[in-house]
Amino acid sequence: MRVYKAFLKKEFMEMARSGKLVALGIIFILFGIMNPAIAKLTPVLMKMVSESMEEMGIAFENVVVTDMTSWTQFYKNVPMALIIFVVMFSGIVTAEYQKGTIIPMFTKGISPVTVFLSKYTAVLLTWTAGYGLTFCITYFYNEYFWGNVTKNIAYTAVCSYVLGVFLLSVMMLMSTICKGNTAVIVATAVIFFVIYLLSVIPALKDYLPTKLMASNELMVGKSASSDYTVSMVVTITISVICATASGILIRRKAV
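What comes next is a walk through the structure.

What counts, and at which threshold
Just so you know, the residues in each chain are numbered from 1, in the order the chain's sequence is written. In keeping with the predicted nature of the model, local features appear solely for residues at pLDDT of at least 70, side-chain atom pairs appear and are counted solely at 80 or more, and the whole-chain, interface and lining totals rest on all residues. Side-chain metrics in this entry use all non-hydrogen atoms of the structure; hydrogen atoms and water are not considered. Here the term cavity refers to a set of points on a 1 Å grid, laid over the protein atoms alone, in which a 1.4 Å probe fits but cannot get out; the term pocket refers to an open set having protein on both sides within 12 Å along at least five of seven lines, with lining residues being those that place an atom within 4 Å of a point. Grid points are joined across faces, edges and corners, and a volume is the space filled by probe spheres set on the points. Secondary structure is summarised from DSSP: a helix means a run of H or I of at least four residues, a strand means a run of E of at least two, and numbering begins at the N terminus for each. Here the nonpolar group is Ala, Val, Leu, Ile, Met, Phe, Trp, Tyr, Cys and Pro; Asp, Glu, Lys and Arg are the charged ones; every other residue, Gly included, is treated as polar. Contacts: residue pairs with any heavy atoms within 4.5 Å of one another. Disulfides are defined in this document as cysteine sulfur pairs within 2.5 Å. Burial classes follow relative accessibility: with a 1.4 Å probe on protein chains only, a residue under 20% of its type's maximum area counts as buried, one over 50% as exposed, and anything between as partly exposed. The term nonpolar core refers to a set of buried residues drawn from Ala, Val, Leu, Ile, Met, Phe, Trp, Tyr and Cys, joined through side-chain atoms within 4.5 Å. Each axis is a line fitted through C-alpha atoms, and for a helix only the stretch in contact is used; angles between axes span 0 to 180 degrees, taken between their N-to-C directions. The scheme is simple: roughly parallel for angles under 35 degrees, roughly antiparallel for over 145, roughly perpendicular for 65 to 115, oblique for anything else. Each crossing gets its hand from how the near helix is turned against the far one by less than a right angle, where anticlockwise is left-handed and clockwise is right-handed. A residue counts toward a patch only above 30% relative accessible area and without a salt bridge, and it is joined to like-charged neighbours within 9 Å or, for Val, Leu, Ile, Met, Phe, Trp and Tyr, to nonpolar neighbours within 5 Å. In this description, accessible areas are obtained by the Shrake-Rupley approach with a 1.4 Å probe, and a residue is regarded as covered only by the protein chains that are shown. Between Lys or Arg on one side and Asp or Glu on the other, a salt bridge is scored when a side-chain nitrogen of the former is within 4 Å of a carboxyl oxygen of the latter.

**What to know about the layout of surface pockets**
- Estimated volume of the largest pocket: approximately 430 Å³.
- Lining of the largest pocket is provided by 18 residues; of these, P79, L82, I83, L167 and F192 occupy positions nearest its centre.
- Mapped by element, the contributors of at least two residues to the lining of the largest pocket are α3 (67-89), α7 (153-177) and α8 (181-198).
- The element best represented in the lining of the largest pocket is α3, accounting for seven residues.
- Tallied by class, residues from the lining of the largest pocket come to 14 nonpolar, four polar and no charged.
- If you add up the space inside the second largest pocket, you get close to 310 Å³.
- Those elements that provide at least two residues to the lining of the second largest pocket are α1 (2-18), α3 and α4 (94-99).
- A total of five residues in the lining of the second largest pocket trace back to one element, the largest contributor, which is α1.
- Each residue belonging to the lining of the second largest pocket can be placed in one class, and the counts come to five nonpolar, three polar and seven charged.

Here it is, written out as structure tokens:
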């Protein structure tokens, strides 16, 4: 446990020195502010557009903005945040092999699994902090401007968060298989795309992680929380399997 904590601390120190923590902090804060800001500016932008379109005989109805408008923007930004996250951390394992800094750790008797777990934990904690920061900023701004009257805000946010954990778990698995960070990004994207294609099959769509992408339907009453239970369990199970497989593969690489 002492070695694990030491390596976990090392991961965060490297993130801080490389500027990743600062960059991610700025990005997640901006996303948090953008959600209510875009919602607040929507009527102004629509009015500007309507004035120019009226000359062409096209009229727009008055746009009513609520906290739902802001939350919709929140879930549009989450995939973008995930893409940035995957790109920034795709080399968290492969870079160690390329630099030749990870093998000496193993030869000194340090467990490969311990090294991997410290990296995996650092990624998940950073994602949790960033996602939580964006959510909290959006929540409090929404509360100030409109009041959070939208239904199932917390559960919808958990679904989106778990989907992020799944994608990062796949990324970590690919980082133990692939030799470069570009290959990790491509492999992660391909796997997600394949799952997305499989979700088109009616018999499978409720069991796949991509089902969680539609969790914002909870906020408008188009679905119930129970509709996502199976997908949530499957997504968490696959994430655990990916983490376990990563630990096994990195141990074999060390031999």
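Read on, since the account is not over.
**Some thoughts on the environment of W146**
- Tracing the chain through its elements places W146 in the loop between α6 (112-145) and α7.
- Those residues within four positions of W146 in sequence are excluded, and the remaining contacts are P36, A39, K40, V65, T66, D67 and S70.

**Side note on the state of the cysteines**
- For the structure on display, the rule yields zero disulfides.
- Here C136 stays unpaired: no disulfide links it, and the sulfur of C159, its closest cysteine neighbor, is 17 Å away.
- No disulfide involves C242; its sulfur sits 13 Å from the nearest other cysteine sulfur, which is in C178.
- The exposure class assigned to C242 is buried, which follows from its relative accessible area of 8%.

**Side note on the nonpolar core**
- In terms of nonpolar packing, the biggest core is built from 56 residues, with F85, F89, V123, W127, M171 and M172 touching the most fellow members.
- Broken down by secondary-structure element, the contributors of at least two residues to this core are α1, α2 (20-54), α3, α6, α7, α8 and α9 (229-254).
- The element best represented in this core is α7, accounting for 14 residues.
- W127 has contacts with F28, L82, F85, Y161, G164, V165 and L168, leaving out every residue within four places of it along the chain.

**Let's talk about the packing of α6 against α7**
- For the pair α6 and α7, the least separation of the axes is 10 Å and the interaxial angle reads 150°. One finds that α6 runs roughly antiparallel with respect to α7. The way α6 lies across α7 gives a crossing that is right-handed. Only I153, A157, S160, Y161, G164, V165, L168, S169, M171, M172 and T176 of α7 make contact with α6, whose side of the interface consists of F116, K119, Y120, V123, L124, W127, T128, Y131, F135 and Y139.
- Of the residues belonging to the contact of α6 with α7, the class tally is 15 nonpolar, five polar and one charged.

**Topic: a nonpolar patch on the surface**
- Judged by side-chain polarity, I29, I33, L133, Y141, Y144 and F145 come together as a nonpolar surface patch covering roughly 550 Å² of accessible area.
- When residues of the nonpolar patch are traced back to their parent elements, those giving at least two are α2 and α6.
- Inspection of the secondary structure assignment puts F145 in helix α6.
- Taking the relative accessible area as the measure of exposure, F145 reaches 32% and is therefore partly exposed.

**Considering empty space enclosed by the protein**
- Tallied over the entire structure, the rule returns one cavity of 30 Å³ or more.
- There is about 60 Å³ of room inside the largest cavity.
- In terms of lining, the largest cavity is formed by F28, F31, F74, N77, V78, A81, W127, Y131 and T134.
- Going through the elements one at a time, α2, α3 and α6 are the ones with two or more residues in the lining of the largest cavity.
- For the lining of the largest cavity, the leading source of residues is α3, giving four residues.
- Here the residues of the lining of the largest cavity are counted per class, giving seven nonpolar, two polar and no charged.

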